[in-house]
Amino acid sequence: MERDDHPTASEIFEAARQRLPGISYATVYNSLRYLKDAGLVYEIKFGDSASRYDRETERHDHAICNDCGKLVDFDLPDAAKLMQAAARKSRFKPDSVHLTLRGRCPDCCGGESGTGLQD
Ligand SMILES: [Zn+2]
Ligand SMILES: [Zn+2]
């Protein structure tokens, strides 16, 4: 089963309000910022869409569906090599690398016979 545990701040707010009806959005949002600064959650930003929050803070990569916005985790074993290559090209001192695959999730591809890409 793939994990799909990347809520937006408003989803977290909705969930928090179920348990703490008086809680304000600002409180939730500030807590998230605090958790992020403490390295306990990871904030993922995709362009101008709402940030998603990730409880998995170990390095990993993401695939996002252009159609439904589904976000799944994966880990590319070669990412460390890619980071070195990117560092050489940019002349940056590498700290971390995060890959985002954009495309269409299996649900959105439906019964189509696929992209022609084989594993
Ligand atoms: Zn999709
Ligand atoms: Zn993730």
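Structure's up top.
If you're wondering where the values come from, they're calculated on a predicted model, not measured in any experiment.

Enquirer: Give a description of the packing of helix 1 (residues 9-19) against helix 2 (residues 25-37) that names residues and reports values.
Expert: Taken N-terminus to C-terminus, the directions of helix 1 and helix 2 make an angle of 120 degrees; their axes are 10 Å apart at the nearest point. Judged by the inter-axis angle, helix 1 sits oblique to helix 2. In this structure, helix 1 crosses over helix 2, and the sense of that crossing is right-handed. Here A9, I12, F13 and A16 of helix 1 come into contact with helix 2, specifically with Y25, V28, Y29 and L32. Of the residues in the contact of helix 1 with helix 2, the class split is eight nonpolar, no polar and no charged.

Enquirer: An account of the environment of A9 is needed here, citing residue identities and associated values.
Expert: As for its placement among the helices and strands, A9 is situated in helix 1. For A9, a count of 18 C-beta atoms within 10 Å translates into the label partly exposed. Aside from chain neighbours lying at most four places away, what touches A9 is V28, Y29, L32, A50, S51 and Y53.

Rules and cut-offs
Residues numbered from 1 in each chain as written. Chains lettered and ligands numbered in written order. Predicted model: local features only at pLDDT ≥ 70, side-chain atom pairs only at ≥ 80, totals over all residues. Axes fitted to C-alpha atoms, helices over the stretch in contact; angles between N-to-C directions. Helix = DSSP H or I, 4+ residues; strand = E, 2+ residues; numbered from the N terminus. Parallel < 35°, antiparallel > 145°, perpendicular 65-115°, else oblique. Left-handed = near helix turned anticlockwise from the far one by under 90°. Contact = placed C-beta atoms within 7 Å. Nonpolar A, V, L, I, M, F, W, Y, C, P; charged D, E, K, R; others polar. Buried ≥ 20, exposed ≤ 12 C-beta atoms within 10 Å, placed from the backbone.

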